[in-house]
Amino acid sequence: MSEKTPVESNFKFPAEWEKHRATWIGWCSNASDFPGKIAAIHWVYGEITRKLIEGGERVAILVQDAKHETKARQILTKVGADFEQIEFHRIAHDRGWMRDSGPMFVKNDATKEVAVIKFKFNAWAKYPDWKLDNKVAVKFAQRENRKIFHVEYDGKEVVLEGGAIDLNGAGTILTTEECLLDYEVQTRNPHLSREDYEKVFAQNLDASNTLWLNKGIVGDDTHGHVDDFCRFVNKNTIVLAEEKNPKDANYKILEENRERLEGFRLENGKKVNLVRLPMPAPLTFAGVRLPASYANFYIANEAVLVPTFNDQNDRIALGILAELFPSRKVVGIHAVDLVWGLGTLHCLTQQEPLAST
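Residues numbered from 1 in each chain as written. Predicted model: local features only at pLDDT ≥ 70, side-chain atom pairs only at ≥ 80, totals over all residues. Heavy atoms only, no water.

Novice: Quick rundown of the pattern of salt bridges? Include the residues and the values.
Specialist: Inspection of the entire model under this criterion finds 26 salt bridges. A salt bridge links Glu54 to Arg50; its shortest N-O distance comes to 3.0 Å. Of the two residues, Glu54 and Arg50 are both situated in helix H1 (residues 38-54); the distance of 4 residues between them amounts to about one turn of the helix. For Glu255, the salt bridge identified is with Arg258, shortest N-O distance 2.6 Å. Remark: Arg258 and Glu255 occur in helix H8 (residues 249-263); sequence separation between them is 3 residues, near one turn of the helix. Here the salt bridges share partners, and the residues they tie into one network are Arg21, Arg58, Glu87, Arg146 and Glu352. (Salt bridge = Lys/Arg side-chain N within 4 Å of Asp/Glu carboxyl O. Helix = DSSP H or I, 4+ residues; strand = E, 2+ residues; numbered from the N terminus.)

Novice: Explain the sheet that holds strand S1 (residues 20-26) to me, and be specific about the residues and the numbers.
Specialist: The strand order across the open sheet built from 4 strands is S3-S2-S1-S20, with neighbouring strands paired in mixed fashion. A strand with exactly one partner marks an edge of an open sheet, and here the two such strands are strand S3 (86-90) and strand S20 (349-353). Sheet twist, expressed as the average angle between the axes of neighbouring strands with direction ignored, equals 25°. Where strand S2 (residues 59-63) lies against S3, 5 bridges are found, and the strand directions are parallel. If you follow Val59 over to S3, its bridge partner there is Ile86. (Pairing = 2+ DSSP bridges. Axes fitted to C-alpha atoms, helices over the stretch in contact; angles between N-to-C directions.)

Novice: Give me the lowdown on the pairing of strand S4 (residues 104-108), citing residues and values where you can.
Specialist: Where burial is concerned, most of S4 is hidden: 5 out of the 5 residues are buried. Here 5 bridges tie S4 to strand S5 (residues 113-118), and the two strands are oriented antiparallel to one another. From the neighbouring strand, Lys107 faces S5, where its bridge partner is Val114. Counting the residues in the hairpin turn of S4 and S5 gives 4 residues, including Lys112, whose phi is positive at 60°. (Buried < 20%, exposed > 50% of the residue type's maximum accessible area, 1.4 Å probe, protein only.)

Novice: With reference to specific residues and values, describe helix H9 (residues 313-324).
Specialist: An α-helical turn contains 3.6 residues, so a residue and the one three or four places further along point in the same direction. If you check H9, its first and last C-alpha atoms are 17 Å apart, about what 12 residues at 1.5 Å a residue would give, namely 16 Å. All of the buried residues along H9 are Asn313, Asp314, Ala317, Ile320 and Leu321. All buried residues of H9 lie within an arc of 135° about the axis, which places them on one face of the element. Within H9, the exposed residues directed more than 90 degrees away from the buried face are Arg315 and Glu323. Each element contacted by the buried residues of H9 is listed here: strand S14 (273-278), strand S18 (303-308) and strand S19 (329-334). (Expected span 1.5 Å × (residues − 1). Arc of directions from axis to C-beta. Contact = heavy atoms within 4.5 Å.)

Novice: Can you explain H1? Please cite residues and give values.
Specialist: The end-to-end C-alpha separation of H1 is 25 Å, in line with the 24 Å expected for 17 residues at 1.5 Å each. Ile41, Val44, Tyr45, Gly46, Ile48, Thr49, Lys51, Leu52 and Ile53 are the residues of H1 that are buried.

Novice: Give a description of the sheet that holds strand S11 (residues 209-213) that names residues and reports values.
Specialist: Pairing within the open sheet is mixed, and its 3 strands lie in the order S9-S10-S11. Edge positions in the sheet fall to strand S9 (166-167) and S11, since each of these pairs with one other strand and no more. Across the face of the sheet, helix H7 (residues 194-205) comes into contact with S9, strand S10 (172-176) and S11 while running at roughly 135° to S11.

Novice: Talk me through the packing of aromatic side chains; I want residue IDs and the actual numbers.
Specialist: Enumeration over the complete set of coordinates arrives at 13 aromatic pairs. Aromatic pair Phe121 and Trp124: ring centres 5.1 Å apart, planes at 90°, arrangement edge-to-face. Judged by relative accessible area, which is 3%, Phe121 ranks as buried. Judged by centre distance (6.1 Å) and plane angle (90°), the rings of Trp124 and Tyr127 are edge-to-face. (Phe/Tyr/Trp six-rings, centres within 6.5 Å; stacked < 30°, edge-to-face > 60°.)

Novice: Any chance you could break down the environment of Asn108 for me, citing the residues and the numbers?
Specialist: Relative to the helices and strands, Asn108 is located in strand S4. A C-alpha to C-alpha distance of 4.4 Å links Asn108 and Phe11, two positions 97 residues apart in sequence. If sequence neighbours within four positions are ignored, Asn108 has contacts with Ser9, Asn10, Phe11 and Glu113. Engagement of the side chain of Asn108 in a polar contact is seen with the backbone nitrogen of Ala110, the distance being 2.9 Å. (Polar contact = N/O pair within 3.5 Å; in protein donor to acceptor, adjacent residues only side chain to side chain.)

Right, here's the structure in full:
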């Protein structure tokens, strides 16, 4: 463990579109995440893995143990995944939402070193099963002999999930007040102010320019994760979900965030290039409104994986993203079953940057 912050050690958090060594996913083993749908979800995981590999990725899969790995291998064999591009990591964990609970990575461009950055994970300040998840990054760093930075502020661990932030790799970070500054609901860090968070981002992620949006979309179990509705697609361009029905609960939320984005400046002082991405029609299951959104896409080395929902806007969203990522193949992944877990592709993945570039 380093006593210096990542930035003091010349590390930064790269943008998602920078070259990856691997994409991490956690092979689902917690049936409570997908009540009644766990069998179908395993096949979706198989498809995600296959498409990641086709998109130029090596896939690092977190499994509980040898038995769990065997079950994953059976699915992956049937879907025709290339095992030459898959590695398994047997580390006991509670759930499989790698964006939030898995290892996060920072990179030193001078030394070409990739290190683990460890924020505390407490299951979105909502669920009791998080203690194993909170150890995953540490165990991985120990096994692989990786440098690890434990993020603290004022002597206390900082709680932060990867889905709560989105970065352009040049100094600007997106997040929401609902997720990080609500001190009554799912409170992560009651000891941190807005200014404190901005110092944490600057010192640990090399992001000195924080753009604070207001609220996340309806149905989001995390209480305001930004990756469900607003994402960087390059250093200057942000896509923001758009709800055109004024009667929908997301309409006011997304329009207020649009107003904020139009007034924001990037780290270089320029205005944000803002592109709107449609929302699918409201999706519910068992009476629960689900956080279905095309913004929960994942940027792989040679592809962009986008959740789709059997919706007329699927084609439109895929087309918009195809124009924004001309050098990558944009691939739709059926996510109607997946979103029953209250998250989709970006929530399930975490990029590990390549050291040599």
